[in-house]
Amino acid sequence: MSLKRAFLSIFTAFWVLSSVVGCTADSSGASESDVAIVIHGGAGTILKATMTDETEAAYRAKLEEALRAGHDVLSEGRSSLDAVIAAIQIMEDSPLFNSGVGAVFTSEGTHELDASIMDGATRNAGAVAGVKTVRSPIALARIVMEKSPHVMMSGSGAEAYAEENGLEMVENSFFYTERRFNALKRAQEREMSTLQVDAFDLPLSPGAEKIGTVGAVALDRQGNLAAGTSTGGMTNKKFGRVGDAPIIGAGTYADNRTAAISATGHGEYFIRGVIAHDIASRIDYAGEDLVTAANAVIMDKLGELGGTGGVISLDRSGAIAMPFNTEGMYRGYIDMDGNMVIQIYGPSGE
Ligand code: ASP
């Protein structure tokens, strides 16, 4: 090989290599506007016919506040994990949702909170179950993920870890709302063993399961996905019941290679169906796009099991899917073009 040809092939190899690297950087979503966030505030029997204008306006305003808080974080160039925390903490602090203040009651008249978070870049995850005195369970889930060698902590151990790490601790009564207390009384009067108590003091019926868990999924400028979920679980829950929200793969999952997912609904079915991970697996193994995968899992698989609920989901291209098989799901997003959408009801009620 002549010197000239050798030089040419080295030059060509270098050019090909830098194009590939350049390509990877582009497809990682590195451009400044390439951020997105999707949130939910619970799925269940949410009907326009039974919603007052005032209540609807309150939900819309709080969902917008949470979306903007998360989006501001992303616009500043901070991480999708920061955005998920910012959005969820707005909802944890609002009595409208079943997480933090406004969490449902256990059968013993207390609040036991579950939360989890997952980092799509590393697939590291953190979760807490049955915590009673931590103001922000989602913040504790992140500390478990980032500071401990573990993925999940529960009960008094998780609370001790929160205190050790300087998180704000509160009395269990901090989470009290009259509405949720009345829901517990109604459930107990009717001897419902688990959940399905409507949030608007509507007459209780087996299908009236507005529950109110919150969740967020986000994509940051670095092209990293994250997902988080926070909940009080189910009204009148007993025996230290833990739902899907803190179970990685059931209620929460994030993987840059597939999608970020947060679920809401009847947790036992989401655990049995490993719902969040199943959506990611269909993308991974079957090559499905996000919308196809999320719809199939919620509309077919979850329904076949007998489960009710929905998910919010987002991939690195900015695709968004928010399927649910209940009458409604509080939900919203700000997409990569900056469009904000907030929805509450199903196709028939919107
Ligand atoms: N999935 C939650 C649980 O089962 C409840 C909900 O999403 O509303 O604990």
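Reading guide: rules and limits
- Residues numbered from 1 in each chain as written.
- Predicted model: local features only at pLDDT ≥ 70, side-chain atom pairs only at ≥ 80, totals over all residues.
- Heavy atoms only, no water.
- Buried < 20%, exposed > 50% of the residue type's maximum accessible area, 1.4 Å probe, protein only.
- Helix = DSSP H or I, 4+ residues; strand = E, 2+ residues; numbered from the N terminus.
- Contact = heavy atoms within 4.5 Å.
- Pairing = 2+ DSSP bridges.
- Axes fitted to C-alpha atoms, helices over the stretch in contact; angles between N-to-C directions.
- Polar contact = N/O pair within 3.5 Å; in protein donor to acceptor, adjacent residues only side chain to side chain.
- Phe/Tyr/Trp six-rings, centres within 6.5 Å; stacked < 30°, edge-to-face > 60°.
- Salt bridge = Lys/Arg side-chain N within 4 Å of Asp/Glu carboxyl O.

Novice: Lay out unusual backbone geometry in plain terms, naming residues and giving numbers.
Specialist: In this structure, N236 takes a positive phi of about 70° despite not being glycine. Taking the relative accessible area as the measure of exposure, N236 reaches 2% and is therefore buried. Even without being glycine, F239 reaches a positive phi, approximately 55°. What makes F239 exposed here is its relative accessible area of 83%.

Novice: Provide a residue-level description of the environment of R123, including the pertinent values.
Specialist: Summarising the element assignment, R123 is placed in the loop between β2 (113–119) and β3 (124–131). Placed 103 residues apart in sequence, R123 and A226 show a C-alpha to C-alpha distance of 9.1 Å. Once you skip the residues sitting within four places of it in the chain, R123 turns out to touch M118, Y253, A254, D255 and R257.

Novice: Describe the sheet that holds strand β8 (residues 260–265), naming the residues involved and giving the relevant values.
Specialist: Strand order in the open sheet formed by 4 strands is β7-β8-β9-β10, and the pairing between neighbours is antiparallel. For this open sheet the edge positions go to β7 (252–254) and β10 (320–321), each flanked by a neighbour on one side alone. Across 2 bridges, the pairing between strand β9 (residues 309–314) and β10 is antiparallel. In the strand pairing of β10, S313 is matched with A321.

Novice: Would you mind going over the sheet that holds strand β5 (residues 214–219) in detail, with residue names and values included?
Specialist: Read across the sheet, 8 strands follow the order β4-β3-β2-β6-β5-β1-β11-β12 without closing on themselves; strand pairing throughout is mixed. Both edges of this open sheet fall to β4 (152–154) and β12 (340–345), since each of them pairs with a single strand only. Put simply, the sheet's adjacent strands are angled 5° from each other on average, direction ignored. Bridge count between β3 and β4: 3 bridges; the pairing is parallel. When the bridges of β4 are listed, A127 appears paired with M152. Packing against the sheet, helix α2 (residues 53–75) makes contact with β1 (36–44), β5, β11 (328–334) and β12, and its axis sits at approximately 145° to β12. Packed on one face of the sheet, helix α5 (residues 155–164) meets β3 and β4 and runs near 115° to β3.

Novice: Describe the environment of K62, with residues and values.
Specialist: Along the chain, K62 turns up in helix α2. Contacts of K62, omitting those with residues within four sequence positions, involve I90, S94, L96 and F97. Engagement of the side chain of K62 in a polar contact is seen with the side chain of E65, the distance being 2.9 Å.

Novice: Please provide a residue-by-residue account of the packing of aromatic side chains, values included.
Specialist: How two aromatic rings sit relative to each other is set out by the distance from centre to centre and by the angle between their planes. Evaluated as defined, the whole model comprises 7 aromatic pairs. Residues Y59 and F97 carry aromatic rings whose centres are separated by 5.5 Å and whose planes lie at 85° to one another, so their mutual orientation is edge-to-face. Residue Y59 is located in helix α2, and its partner F97 is located in the loop between α3 (80–92) and β2; the two are separated by 38 residues in the primary sequence. With relative accessibility at 0%, the residue Y59 sits in the buried group. Ring geometry for Y176 versus F181: centroids 5.9 Å apart, planes at 45°, classification tilted. Among the aromatic side chains, those forming a connected cluster through ring pairs are Y59, F97 and Y330.

Novice: Which residues make up the pattern of salt bridges, and what are the values?
Specialist: The final tally for this structure, using the stated rule, is 16 salt bridges. Between K62 and E65 there is a salt bridge; the shortest N-O distance is 2.9 Å. With K62 and E65 both in helix α2 and 3 residues apart, the pair spans about one turn of that helix. Between R135 and D93 there is a salt bridge, with the nearest N and O atoms lying 3.1 Å from each other. Taken together, the residues R135 in the loop between β3 and α4 (137–147) and D93 in the loop between α3 and β2 connect sequence positions 42 residues apart. Exposure remark for R135: the relative accessible area of 25% places this residue in the partly exposed category. The network of salt bridges with common partners includes E76, R78, D82, R142 and E146.

That is the geometry; function is a separate question.
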